[in-house]
Amino acid sequence: MLNSSHMKFDVDADAVLCNILSGEVYYATAAKGNLKKREMYNKMRIINSSSSIPKLIKRHPEVFRDKRLIKKGGADFFSESLPIFSLEGDNFKKLESRLQFNGLTHDEISNMDKFFKDFDDLKKEPDIQRIIEATEGYKDSIESAWNVCESKVMSYIKSILGEYKPENNASVKTYIVYPNFNTYRCSQTEKGNINFYFGKRDKDVYKIIANLTHQAVHQPMLPYQTSMTKKDKERFHCFIKFLTDKEIYSYLSGKSYLDIITEKENPNLMAKVYPFWLGYRYRNADKEGLNPEEEIQKAINRDKKAFEALPENSPKRVFFSQYNFDKYDPKKIAHFFKDKRAITPYEFARLPFDNVEMLYRNIEPEYKGR
């Protein structure tokens, strides 16, 4: 059934703490030697989010100065530990196992009992309790928004997929964390279920719903196939991003695809996929009494307008600079999908995206699809 998902929400206090510590380490390192950045992160409460966190860091240099645990490039023991909190058993036993994975010896781990006690005691501090309570409230607001929108967005996804009927074979457990910075982490259990760690500094509820839709649809309903190469997965993931993040956000907000940037979005590949996606999206528009060419043109106009409103040389304009809105030919795009009404998402991912020029104006297509 596509009218609902198997999405559940929870807050784990230890995961909240681990995520705050990860952000503290990452952003303090990013701001090292840059007073302006440090002041900005302080003002945003990304670092020094509570008075208790810096005290813990100062008390345990054996943890926070160990390069096996706090690595260059942003990886750290705390962010890597997030997925373990969804597993059954004692959290601290699981953290000890993670430390061993990071290369610490049995004796070194045994000497960290004081750190684990201080970590556990942190939850008793009033400022940390306030953060956990705020996270609980944040979780309730997200869960409520999802419950209101779930049937609507899942039915909408179903209408786009058309004849293709995926099975919902997995559940998604969403662990909400304190949103002082953006957190977006997924892990898959042995049974194929998804654990999602999520906190969004941006309070736009439609973006949050779009992000949740991505998780509700991707691995549970449209998972990667075992035969897929890395390139296949990247292209298939573009389809998922357009189907869920981009389309659902636009559907709920009425705004452009360009108003939401997805997690680790590859702008060059997304720009290649974009006109093919529009052809897929509106391939059955005539069944609803609409003209596919006109609907494709409306979408292009919507996104072109958003692009042209971006300041010259702004990071966002540069990010979307590979989109060629003036070159796309709605007639060619619609014609390409005329005999592909029943195309599956997996077949879509094998389309000739590198030959996007075939969908441009005044260029005859060389490719004849199946």
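Residues numbered from 1 in each chain as written. Predicted model: local features only at pLDDT ≥ 70, side-chain atom pairs only at ≥ 80, totals over all residues. Heavy atoms only, no water.

Time to look at the pairing of strand β2 (residues 172-176). Within β2, four of the five residues are buried, leaving the element largely enclosed by the surrounding structure. As judged from the four bridges shared by strand β1 (residues 7-10) and β2, these two strands associate in the parallel manner. Across the sheet, residue K8 finds its bridge partner in β2, namely K173. (Buried < 20%, exposed > 50% of the residue type's maximum accessible area, 1.4 Å probe, protein only. Helix = DSSP H or I, 4+ residues; strand = E, 2+ residues; numbered from the N terminus. Pairing = 2+ DSSP bridges.)

On to the nonpolar core. Counting 109 residues, the largest nonpolar core has F276, W277 and F348 as the members making the most contacts within it. Among the elements that make up this core, the one with the highest residue count is helix α9 (residues 126-161) (14 residues). Filtering out sequence-adjacent residues up to four positions away, W277 remains in contact with I160, F239, F242, L243, E247, Y257 and F348. Counting six residues, the second-largest nonpolar core is a separate cluster that includes Y41, I46, I47 and F181. (Core = buried A, V, L, I, M, F, W, Y, C linked by side-chain atoms within 4.5 Å. Contact = heavy atoms within 4.5 Å.)

We now examine unusual backbone geometry. One non-glycine residue, R45, lies in positive phi territory at about 60°. Turning to its location among the elements, R45 is positioned in the loop between α2 (35-43) and α3 (52-59). Owing to a relative accessible area of 43%, R45 belongs among the partly exposed residues under this scheme. In this structure, K264 is a non-glycine residue whose phi angle is positive, near 55°. Turning to its location among the elements, K264 is positioned in the loop between α11 (230-253) and α12 (267-281). Here K264 falls in the exposed class, since its relative accessible area comes to 75%.

Within this model, the largest pocket holds a volume of roughly 1100 Å³. Lining the largest pocket are 39 residues, and of these Y184, R185, C186, E263 and K264 sit closest to its centre. Mapped by element, the contributors of at least two residues to the lining of the largest pocket are α1 (13-30), β3 (183-188), β4 (194-199), α10 (205-221), α11 and α12. Classifying every residue of the lining of the largest pocket gives 13 nonpolar, 17 polar and nine charged. One number sums up the size of the second largest pocket: a volume of about 720 Å³. Put simply, the parts of the chain that give the lining of the second largest pocket at least two residues each are α1, α3 and α4 (61-64). Counting residues per element, the lining of the second largest pocket draws most heavily on α1, which supplies six residues. (1 Å grid on protein atoms, 1.4 Å probe; cavity = no way out; pocket = protein on both sides within 12 Å on 5 of 7 lines; lining within 4 Å. Points joined across faces, edges and corners; volume = space filled by probe spheres on them. Nonpolar A, V, L, I, M, F, W, Y, C, P; charged D, E, K, R; others polar.)

In this section: helix α6 (residues 91-101). N91, F92, K94, L95, R98 and L99 are the residues of α6 that are buried. Along the axis of α6, the buried residues cluster in a sector spanning 155°; they form a single face. Within α6, the exposed residues directed more than 90 degrees away from the buried face are K93, Q100 and F101. Buried-residue contacts for α6 involve α1, α5 (77-81), α7 (106-110) and α8 (113-121). In this structure D90 caps α6, since a side-chain oxygen of it lies 3.0 Å from the backbone nitrogen of F92. The first or second residue beyond α6 is G103, which carries a positive phi of 100°. (Arc of directions from axis to C-beta. Polar contact = N/O pair within 3.5 Å; in protein donor to acceptor, adjacent residues only side chain to side chain.)

Take the packing of aromatic side chains next. Within the structure shown, the criterion is met by 43 aromatic pairs. For the pair F276 and F336, a centre-to-centre distance of 5.6 Å together with 80° between the ring planes defines the contact as edge-to-face. On the criterion of sequence distance, the pair formed by F276 in helix α12 and F336 in helix α15 (residues 330-336) is long-range, its members being 60 residues apart. The class for F336 is buried, based on a relative accessible area of 7%. (Phe/Tyr/Trp six-rings, centres within 6.5 Å; stacked < 30°, edge-to-face > 60°.)

With that settled, the discussion passes to the pattern of salt bridges. A complete count under the given rule lists 26 salt bridges for this structure. The residue E143 makes a salt bridge to K139 at a minimum N-O spacing of 3.4 Å. Here K139 and E143 lie together in helix α9, a separation of four residues that amounts to about one turn. The exposure class of E143 is partly exposed, given its relative accessible area of 25%. Where D354 meets K272, a salt bridge forms, and the shortest distance between an N and an O atom there is 3.1 Å. Of this pair, D354 sits in the segment after α16 (345-348) while K272 sits in helix α12, placing them 82 residues apart in sequence. Overall, D354 belongs to the partly exposed group, its relative accessible area being 47%. Residue K272 is classed as partly exposed on the basis of its relative accessible area, which comes to 32%. Linked by salt bridges that have partners in common, K231, R235, K272 and D354 make up one network. (Salt bridge = Lys/Arg side-chain N within 4 Å of Asp/Glu carboxyl O.)

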